[in-house]
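Descriptive structure summary
What follows is each chain in one-letter form.
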Amino acid sequence: MNMNTNQAKDRKEIEQLFEKLKWAWGKGDGEAYGACFTDKADYVTFQGEHLQGRKAIADVHQELWNGVLRGSTLDGEIAKIDFITPELAIFHGLGAVKMRWQKQAPKKRDSINTNVVVKQNGEWRIAAFQNSRISGPGLMQKIFTKMSSRRAVQQQLR
């Protein structure tokens, strides 16, 4: 197989890994969810909590699915995959958690995650995951943008 064929195969396998992640979420299966990660994976939640290791990732998610996230599903897709080496890639996923009583996830739950995936023993696993809520500019950013625009106009008038 040439590089393009290998990369196409690896891209498909990474997409399948993301599907497995969503499937495990929907089943509320911490062990299956954790199996998508390397033994020493780093996982940063949208709230900034840092989970270290497959077991911690699996255990914390199982607690959530046994409680507040019971019956929830993860909707999402991979937006972009970049191969750094044949055994290392970065992908960005878009997603949202839909609670069991919702027909669709609300926009305020939209997130983007950055994943570092590695190929170990012929299988792709997530070595690092960082999740952030997608939101519009905050108050400080709006103020800064407005002040910057005013300064630019004032400089042009001089």
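Below you will find a few notes about this structure.

Below, the discussion takes up the environment of Glu-13. Among the structural elements, Glu-13 can be located in helix 1 (residues 3-27). As for Glu-13 and Asp-29, which are separated by 16 residues in sequence, their C-alpha atoms are 21 Å apart. In terms of polar contacts, Glu-13 uses its side chain to reach the side chain of Lys-9, at 2.7 Å.

Let us look at the pattern of salt bridges. One pass over the structure, following the stated rule, counts eight salt bridges. Between Lys-22 and Glu-19 there is a salt bridge, with the nearest N and O atoms lying 3.0 Å from each other. Residue Lys-22 and its partner Glu-19 are located together in helix 1, separated by three residues, close to a single helical turn. Judged by relative accessible area, Glu-19 falls into the partly exposed class, the value being 44%. Asp-39 is the salt-bridge partner of Arg-54, the closest N and O atoms lying 2.7 Å from each other. Of the two residues, Arg-54 sits in helix 3 (residues 54-66) while Asp-39 sits in strand 1 (residues 37-44), which places them 15 residues apart along the sequence.

Rules used in this analysis
- Residues numbered from 1 in each chain as written.
- Predicted model: local features only at pLDDT ≥ 70, side-chain atom pairs only at ≥ 80, totals over all residues.
- Heavy atoms only, no water.
- Helix = DSSP H or I, 4+ residues; strand = E, 2+ residues; numbered from the N terminus.
- Polar contact = N/O pair within 3.5 Å; in protein donor to acceptor, adjacent residues only side chain to side chain.
- Salt bridge = Lys/Arg side-chain N within 4 Å of Asp/Glu carboxyl O.
- Buried < 20%, exposed > 50% of the residue type's maximum accessible area, 1.4 Å probe, protein only.

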